[in-house]
Amino acid sequence: MHLYDVLKRPVDTEKTRYQGELDEPQYSFEVDRRANKQQVKAAIEQIFDVDVLKVRVVNVKPKSGRQGRRIVVRRPGWKKAIVTLAWGQRLNIFEGV
C-alpha cells in the first residue's frame, strides 16, 4: 500500500482539538481499512516529519438512520487511528482553522 493511500483525512471534532493541545498531543485520522499500526506510524512520520510514540486503531461501526418515514440510510463503517506524538511536537494541519 502506498504511503499516501494509508491516510484518508483528519478527523476534526471538539474532542480531537482538545487532545491536540495536550503535552503529548493526540491526533485522529480516518485510515484505509487494510492499514495496520506500523503502516499508519510510518505514514505519519514520513509525511509530517514528527516522532510517533503510540498508535491506537478503532473500527467504527456502521450506523443507520432515517430520512423521512420509511427510507432507511446506512452509513458505512470506517477505521480510525489515534496517533500520539512525542512531547512538544505538533501537526500544523489544524492551525488557523
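What you see is a predicted model; the values in this text were computed from it and never measured.

**A closer look at the pattern of salt bridges**
Pairs may arise between side chains of opposite charge once their charged atoms sit close together.
Then comes step 1: Applying the stated criterion to the full structure yields three salt bridges.
Then comes step 2: Residue Arg 17 pairs with Asp 12 through a salt bridge whose shortest N-O separation is 3.0 Å.

**Here's the deal with the nonpolar core**
Then comes step 1: Residues Phe 29, Val 40, Ile 44, Val 83 and Leu 85 are the most contacted members of the largest nonpolar core, which totals 16 residues.
Then comes step 2: Elements supplying a minimum of two residues to this core: strand S2 (26-31), helix H3 (37-48), strand S3 (52-60) and strand S6 (78-85).
Then comes step 3: Excluding residues within four positions of it along the chain, Val 83 makes contact with Pro 25, Gln 26, Tyr 27, Phe 29, Val 40, Ile 44, Val 52 and Lys 54.

**A few points about the environment of Val 57**
Then comes step 1: In this fold, Val 57 is placed in strand S3.
Then comes step 2: A relative accessible area of 29% places Val 57 in the partly exposed class.
Then comes step 3: Taking the C-alpha atoms as reference, Val 57 lies 6.3 Å from Ile 82; in sequence the two are 25 residues apart.
Then comes step 4: In contact with Val 57, not counting residues within four places along its chain, are Lys 37, Lys 79, Lys 80 and Ala 81.

**Section: H3**
Then comes step 1: Compared with the 16 Å implied by 1.5 Å per residue over twelve residues, the 16 Å span of H3 between its first and last C-alpha is a close match.
Then comes step 2: On the buried face of H3, the contacting elements are helix H1 (3-6), strand S1 (7-10), S2, S3 and S6.
Then comes step 3: Backbone nitrogen of Gln 38 and a side-chain oxygen of the N-cap are separated by 3.4 Å at the start of H3; the cap is Asn 36.
Then comes step 4: Once H3 ends, the next one or two residues include Asp 49, with phi positive near 55°.

**Some points on the sheet that holds S3**
Then comes step 1: On the basis of which strands lie adjacent, the open sheet formed by four strands has the order S1-S2-S6-S3 and antiparallel pairing. Each end of this open sheet is capped by a strand with a single partner; those strands are S1 and S3. Strand after strand, the sheet turns through a mean of 30° between neighbouring axes, direction not considered.
Then comes step 2: Two elements, S2 and S6, share six bridges in a ladder whose sense is antiparallel. Residue pairing for S6: Gln 26 is matched across the bridge by Thr 84.
Then comes step 3: Each of S1, S2, S3 and S6 is contacted by H3, which is oriented at about 125° to S3, the strand it contacts most.

Cut-offs used in this document
Residues numbered from 1 in each chain as written. Predicted model: local features only at pLDDT ≥ 70, side-chain atom pairs only at ≥ 80, totals over all residues. Heavy atoms only, no water. Salt bridge = Lys/Arg side-chain N within 4 Å of Asp/Glu carboxyl O. Core = buried A, V, L, I, M, F, W, Y, C linked by side-chain atoms within 4.5 Å. Buried < 20%, exposed > 50% of the residue type's maximum accessible area, 1.4 Å probe, protein only. Helix = DSSP H or I, 4+ residues; strand = E, 2+ residues; numbered from the N terminus. Contact = heavy atoms within 4.5 Å. Expected span 1.5 Å × (residues − 1). Polar contact = N/O pair within 3.5 Å; in protein donor to acceptor, adjacent residues only side chain to side chain. Pairing = 2+ DSSP bridges. Axes fitted to C-alpha atoms, helices over the stretch in contact; angles between N-to-C directions.

Remember, this is a structural readout, not a statement about activity or role.
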